[in-house]
Amino acid sequence: MGFKARARANKAKTGDDEKKKDAKTGKEPCGVNGCEGWADSTMGGRSLSVTDAEDMWGKSVVVRKNRVRVCKSCYRSWKKTNKQDDYY
Ligand SMILES: [Zn+2]
């Protein structure tokens, strides 16, 4: 009985947390300053090398572990500027 009650309490709590969060909120903010996108891989985010990112945005990028995580739209604009073999 006690176990069931606790399980229900946990479930309710999780549901509550989920409600508070925006459904489109990611965990990984875009590394480009001023961009409010999300760089989560589940949301189409990509990571660029520091050199590539600084070519595009200068020093207004957030570097993490020698990579710059960018959201989908930043990645697309970077790709447009840096025409690579595998553009789409
Ligand atoms: Zn971005």
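Quick notes on the rules
- Residues numbered from 1 in each chain as written.
- Predicted model: local features only at pLDDT ≥ 70, side-chain atom pairs only at ≥ 80, totals over all residues.
- Helix = DSSP H or I, 4+ residues; strand = E, 2+ residues; numbered from the N terminus.
- Buried ≥ 20, exposed ≤ 12 C-beta atoms within 10 Å, placed from the backbone.
- Contact = placed C-beta atoms within 7 Å.
- Core = buried A, V, L, I, M, F, W, Y, C linked by C-beta atoms within 7 Å.
- Arc of directions from axis to C-beta.

Asks: Help me out: how do you make sense of the overall build of the protein chain in this one?
Replies: Counting its secondary structure elements, the protein chain contains three helices and two strands. Secondary structure elements in the protein chain, listed N-terminal to C-terminal, are α-β-α-β-α. Of all 88 residues assigned to the protein chain, the portion counted as buried reaches 20%. Summarising the internal contacts of the protein chain: among those between residues at least 6 apart in sequence, 51% fall at separations of at least 24.

Asks: Explain the nonpolar core to me, please; I cannot follow it from the model alone.
Replies: Soluble globular proteins tend to pack their nonpolar side chains together in the buried interior. Ranked by internal contacts, the top residues of the largest apolar core, which has 14 residues, are Cys-30, Val-32, Ala-53, Val-70, Cys-71 and Cys-74. Counting only elements with at least two residues in this core, the list comes to α2 (50–57), β2 (67–70) and α3 (72–81). Sorting elements by how many residues they give to this core places α3 first, with three residues.

Asks: Mind showing me how you'd approach the environment of Asn-82 here?
Replies: Relative to the helices and strands, Asn-82 resides in the segment after α3. Sequence separation of Asn-82 and Asp-52 is 30 residues, and the distance between their C-alpha atoms is 8.8 Å.

Asks: Just checking my understanding: could you explain α3 for this structure?
Replies: Because an α-helix packs 3.6 residues into every turn, residues spaced three or four apart end up facing the same way. Taken as a whole, α3 has its buried residues at Cys-74, Tyr-75 and Trp-78. End-on view of α3: buried residues confined to an arc of 100°, all on one side of the axis. At its buried positions, α3 is contacted by β1 (46–49), α2 and β2.

Asks: Honestly, unusual backbone geometry in this entry has me stumped. Any pointers?
Replies: Trans is the prevailing form of peptide bonds, just as negative phi is the prevailing case for residues other than glycine. Although it is not a glycine, Lys-65 sits at a positive phi angle of roughly 50°. Structurally, Lys-65 is set in the loop between α2 and β2. The backbone phi angle of Asn-66 is positive, close to 65°, even though this residue is not glycine. The residue Asn-66 is located in the loop between α2 and β2 in this model. Note on Asn-66: 9 C-beta atoms within 10 Å, which makes it exposed.

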